[in-house]
Amino acid sequence: MDEPTLPDRFKKRKIVQWGLAYLAAAWAILETAGYVGDQFGWPVLVGQTLTVLAAFGLLIVLVLAWYHGEKGRQRIGGLELLILTTLLVVAGFSLSWLRTRAEAGMAPAPSSIAYPQGDDDRPSVAVLPFDNRSSDPEDAYLTAGIHEEVIAQLAKIAGLRVVSRTSVMGYREADKNVREIAAELGVGTVVEGSVQKVLNRVRVNALLIDARSDEELWSNRFDREITVENLLDIQGEVAVQIAGSLEAELTAEEEALIAVRHTESLDAYQAYLRGRYFQHLPHYTQADVARASEEFQRAVELDPDFALAWMESANAHAQQVFFLTDASEERKSLARAAAQTALALESPSPEVRLALAMYHLRLDRNGDLAMEEIVQAEEGLPNNPDVYEAKSTVFELWGRYGDAVAELRKALHLSPGDPSVLTSLSWNFTNLRQFDSALAYGQEAVNQAPDQMWPNLTQALAIWGAQGPTEESERLIERLPHTLDWVIWARFWQRMLEDRYEEALSVLSDPDFEWVRVKMWARPKPLLEAYVLLAMGRTEDAARSFGEARRILEEAAADDPNDPRYRSSLALALAGLGYRDDAIREGELAVSLLPTSEDAYYGLPYLWDLAAVHAALGNADEAIRGIEQLLEVPSWVSPEFLNGDFRLDSLREDPRFQALLPENSQESEPLGERG
């Protein structure tokens, strides 16, 4: 009998059938895993591991089919065993390499920034988180409140340099000694303390330590009945006694500020502290600011004379106006009424003035009034980094990013390692297109807060501006929860910048997803889908999606006609449908609703969209003129980012556009001093 040919052997062993069946099953599993991973924000490593296993699984199935696909061949031979063992070993090494690579990517990168020191020779102190010694864990709020207020009282003393609460909170569970902590925070002394609540009494222990010698410089114990008066007295006494131990002289004004009591109601005071907590979370959300408003409202209901709570209530309302979550006249009226009540109750304290500054900035974008209040607040809050962050926000409003950076450096001096300040520095440098600094500060922010959204997202955006999309920018984005609007937007753009159109569509596939609605843009799902379909050449499908986006955006604009986000997105949808006059009218209206002369930062998105509208309509002159304008001023628009914007594809062959791309653009001068 003739020896079977190789094709006959494949046929008898059903190699092709086994392979196709396996590939179909593997494809279904990977697709399902990809969808589930998107919903739950699985790390990239999970998908990579499944892909590696699927690839080696195919090889193993083919080996088994070859040796066992023909009836009667059931014994495992030596050669088969050797092949299977080799495949499993190689798969193991591959998975180990993937895991090591992922762990290396997650590990903090070495810091490449120098924390500002200046010529500040004042005695310096860091108040570490107090221990809660109460038997009831629910009493932890009291410990946290006393700790925060001790820092706040110390911060009023100009003769000291006091590290912010944000910086010291990272050492709550730190396995480091006092000397190591002091070196990292750049201070000479450290305060340790504990709080114990028993029935209606509170006991506070505090200890001041010289970090270099580990010598105790001062200690005291305070045992009082729990009342607002006693709590504030304890906090003030701790601050004054520490200042005395460090030979820092208090002025009469500082003593008066420390003695101020904003309320006599314990419940109102606690509601105020809760409101501040939600108002100052690292990333603004509508839910957080709504909760803050509720807590401030509760505080003023419990104590109608609580001026600081009234002012913070006004500020919380103004936040909703500024970030366009509710810019209604009713919301503006609530903000103004609360501010007027606060100012009628007392001559503004430094804390009230600082809140008033942010109110002016957020409600009316009045930078002049805001800066006046900040300057006055600074006199009574010489160690409060919020003062310098507020100044930086005003400078951003004015487009003076170099000045904003200078103020943020001052904040970082008082709040070393603060991820919020580091993130703001990174973003300001990105707008200045000074990408080495942007990436350095961004990486340090990620090191300090690897689980927070804004450090990771800001670093990814800096990478886009400096280099375009990379594996690193994708890793930073993918580690974030995939249901957040900003993360959906970033995941979509990462894929579109790399022409990964099918994957971009999958980002939008969640049936519960309807909008990306953030501070700068409001994009309905059909508008994003239309751009993907257009890039894929599916023009009829894209037109249907543009039409659906138009319908949704016209309804949104009718409900809120003064929101530039809806007008700008509507302009893009109309341009996609070819409605030239209507698209340009809506785009220009968006620009006029929030011009860069009113807000040099938040006005930029609408200029960028208008350039994209002109590009879609074939108005190359107007589109390139708009892009050049954005490149001449500080903004996130860079030659690298320009290179990847899929909305500008109609301009690719224009020599004027090509001259703006990275390989042709001239190195621009630093923008930090343009003011």
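Residues numbered from 1 in each chain as written. Predicted model: local features only at pLDDT ≥ 70, side-chain atom pairs only at ≥ 80, totals over all residues. Heavy atoms only, no water.

Student: Mind showing me how you'd approach the overall build of the chain here?
Tutor: Along the chain, the regular secondary structure elements total 31 helices and eight strands. Put simply, the chain has 675 residues, and 51% of those count as buried. At a minimum sequence separation of 6, the contacts of the chain that also span at least 24 residues come to 64%. Roughly 31,300 Å² of accessible area belongs to the chain as shown, and the carbon and sulfur atoms make up 52% of that amount. (Helix = DSSP H or I, 4+ residues; strand = E, 2+ residues; numbered from the N terminus. Buried < 20%, exposed > 50% of the residue type's maximum accessible area, 1.4 Å probe, protein only. Contact = heavy atoms within 4.5 Å. Areas by Shrake-Rupley, 256 points an atom, 1.4 Å probe, with all protein chains shown as cover.)

Student: Just to check I follow, could you spell out the environment of Gln658 for this structure?
Tutor: Following the sequence through the fold, Gln658 ends up in helix H31 (residues 655-658). Classification of Gln658 as partly exposed rests on a relative accessible area of 29%. Here the alpha-carbon distance between Gln658 and Asn643, two residues 15 residues apart in the chain, equals 8.9 Å. A polar atom in the side chain of Gln658 sits 3.0 Å from the backbone oxygen of Arg652. (Polar contact = N/O pair within 3.5 Å; in protein donor to acceptor, adjacent residues only side chain to side chain.)

Student: Please clarify how unusual backbone geometry should be interpreted in this entry.
Tutor: Among all residues except glycine, the phi angle is most often negative; among peptide bonds, the trans geometry is most common. If you check the backbone angles, Glu247 has positive phi at about 60° while not being a glycine. Structurally, Glu247 is set in the loop between helix H8 (228-245) and helix H9 (252-259). Here Arg365, not a glycine, exhibits a phi torsion of approximately 50°, which is positive. Topologically, Arg365 is positioned in the loop between helix H14 (350-364) and helix H15 (367-380). What makes Arg365 buried here is its relative accessible area of 15%.

Student: Just to check I follow, could you spell out helix H20 (residues 453-467) for this structure?
Tutor: Residues spaced three or four apart along an α-helix face the same direction, because each turn holds 3.6 residues. If you check H20, its first and last C-alpha atoms are 21 Å apart, about what 15 residues at 1.5 Å a residue would give, namely 21 Å. The buried count for H20 comes to 13 of 15 residues, which makes it a mostly enclosed element. Backbone geometry just downstream of H20 places Gly468 in the positive-phi region, at approximately 85°. (Expected span 1.5 Å × (residues − 1).)

Student: Where do I start with the pattern of salt bridges in this structure?
Tutor: In a structure, side chains of opposite charge can pair up when their charged atoms sit close to one another. Scanning all chains against the criterion turns up 41 salt bridges. Between Arg261 and Asp233 there is a salt bridge, and its shortest N-O distance comes to 2.5 Å. Of the two residues, Arg261 sits in the loop between H9 and helix H10 (266-279) while Asp233 sits in helix H8, which places them 28 residues apart along the sequence. Residue class for Arg261 comes out partly exposed when judged on its relative accessible area of 32%. Residue Asp233 is classed as partly exposed on the basis of its relative accessible area of 25%. (Salt bridge = Lys/Arg side-chain N within 4 Å of Asp/Glu carboxyl O.)

Student: Help me understand the pairing of strand E5 (residues 201-210) in this model?
Tutor: Across a regular strand the side chains alternate sides, sitting on one face of the sheet and then on the other. Sheet analysis places strand E4 (residues 189-198) next to E5, joined by 10 bridges and oriented antiparallel. Following the sheet pairing, Gln196 is matched in E5 by Arg203. Counted along the chain from E4 to the antiparallel partner E5, the turn is two residues long, and its residue Leu199 has a positive phi close to 55°. Here 10 bridges tie E5 to strand E6 (residues 215-225), and the two strands are oriented antiparallel to one another. What sits directly across from Asp210, in E6, is Glu215. (Pairing = 2+ DSSP bridges.)

Student: It is not clear to me how the confidence of the model for the chain should be interpreted in this structure. Could you clarify?
Tutor: Close inspection of predicted coordinates is inappropriate in any region flagged by low pLDDT. Summary statistics for the chain give a mean pLDDT of 85 and a share of 80% for residues scoring 70 or more. For residues 667-675, every residue scores under 50 in pLDDT, and the model assigns this stretch 14 contacts once sequence neighbours within four places are set aside. (pLDDT = per-residue confidence, 0-100.)

Student: Teacher, can you tell me more about the packing of helix H5 (residues 140-154) against H10 here?
Tutor: The packing of two helices is summarised by the inter-axis angle and the distance between the axes. Following both chains from N to C, one finds H5 and H10 inclined at 75°, their axes separated by 11 Å at the closest point. As summarised for this structure, H5 and H10 are arranged roughly perpendicular, according to the angle between their axes. The residues of H10 that touch H5, namely those facing Tyr141, Gly145, Glu148 and Glu149, are Tyr269, Gln270, Leu273 and Arg276. When the residues that make up the contact of H5 with H10 are grouped by side-chain class, the tally is three nonpolar, two polar and three charged. (Axes fitted to C-alpha atoms, helices over the stretch in contact; angles between N-to-C directions. Parallel < 35°, antiparallel > 145°, perpendicular 65-115°, else oblique. Nonpolar A, V, L, I, M, F, W, Y, C, P; charged D, E, K, R; others polar.)

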